[in-house]
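These are the residues of each chain, in order.
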Amino acid sequence: MTDLVPGRHTPLPPTWLCRIDAHPWPCGEAKLALLAAYADDRPGLLTLLSTLKEAAEDHLTQLDSGRSVDATDRFLTWTRQPGR
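Residues numbered from 1 in each chain as written. Predicted model: local features only at pLDDT ≥ 70, side-chain atom pairs only at ≥ 80, totals over all residues. Heavy atoms only, no water.

Undergrad: Hey, could you go over the pattern of salt bridges for me, with residue numbers and the actual values?
TA: For the structure on display, the rule yields 3 salt bridges. Salt-bridge contacts for K53 lead to E54; the nearest nitrogen and oxygen are separated by 3.4 Å. By relative accessible area, which is 10% here, K53 ends up buried. Accessibility expressed as a relative area gives 43% for E54, which makes it partly exposed. Within the structure, one salt-bridge network assembled from shared partners comprises K53, E54 and E57. (Salt bridge = Lys/Arg side-chain N within 4 Å of Asp/Glu carboxyl O. Buried < 20%, exposed > 50% of the residue type's maximum accessible area, 1.4 Å probe, protein only.)

Spelled out as structure tokens, the structure:
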């Protein structure tokens, strides 16, 4: 699934850090690349990010001794179009 992510700033499961800058993924560069790649396909972007969010939550919960992790803000909130 992560092979569908455009650009070089891709996630590194199970930590879900960026492979390039080690920031929590999606990092700033990844967000820009995703917005550009899916500029005409917002539903496709949200579908991809929702799927990746679920995988990330599973991995991050396992890494945090089973404590539930909610990655909604990290993966989805930033995709809102201005004024909505």
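Right, picking up where we left off after that structure.
Undergrad: Explain unusual backbone geometry to me, and be specific about the residues and the numbers.
TA: With an omega of 10°, the peptide bond running from P13 to P14 counts as cis. Along the chain, the position of P14 falls in the loop between strand 1 (11-12) and strand 2 (17-18). For the bond running from W25 to P26, omega is 5°, close enough to zero to count as cis. Locating P26 in the fold gives a position in the loop between strand 2 and helix 1 (28-37). The phi dihedral of W16 is positive, around 60°, even though this residue is not glycine. Even without a glycine there, the phi angle at S65 is positive, about 55°. (Helix = DSSP H or I, 4+ residues; strand = E, 2+ residues; numbered from the N terminus.)

Undergrad: Pulling in residues and values, what's your account of helix 2 (residues 42-63)?
TA: In this model helix 2 runs 31 Å from its N-terminal to its C-terminal C-alpha over 22 residues, within 8% of the 32 Å that 1.5 Å per residue would give. Looking at helix 2, one finds that the buried residues are G44, L45, L48, L49, L52, K53, A56, E57, L60 and T61. Backbone nitrogen of G44 and a side-chain oxygen of the N-cap are separated by 2.9 Å at the start of helix 2; the cap is D41. Backbone geometry just downstream of helix 2 places S65 in the positive-phi region, at approximately 55°. (Expected span 1.5 Å × (residues − 1). Polar contact = N/O pair within 3.5 Å; in protein donor to acceptor, adjacent residues only side chain to side chain.)

Undergrad: Lay out the environment of P11 with the relevant residues and their values.
TA: Relative to the helices and strands, P11 resides in strand 1. Judged by relative accessible area, which is 0%, P11 ranks as buried. Considering only alpha carbons, one finds P11 and A30, 19 residues apart in sequence, at a separation of 8.9 Å. The residues contacting P11, other than those within four sequence positions of it, are T2, V5, W16, L17, R19 and W25. (Contact = heavy atoms within 4.5 Å.)

Undergrad: Could you give an account of the nonpolar core, with specific residues and numbers?
TA: Counting residues in each nonpolar core, the largest one holds 18 residues, and the members touching the most others are W16, W25, L34, L49, L52 and F75. Taken together, the elements giving at least two residues each to this core come down to helix 1 and helix 2. With near-sequence residues (within four places) excluded, L49 lies in contact with W25, L34, F75, L76, W78 and T79. (Core = buried A, V, L, I, M, F, W, Y, C linked by side-chain atoms within 4.5 Å.)

Without other data, these values stay purely geometric and don't point to any function.
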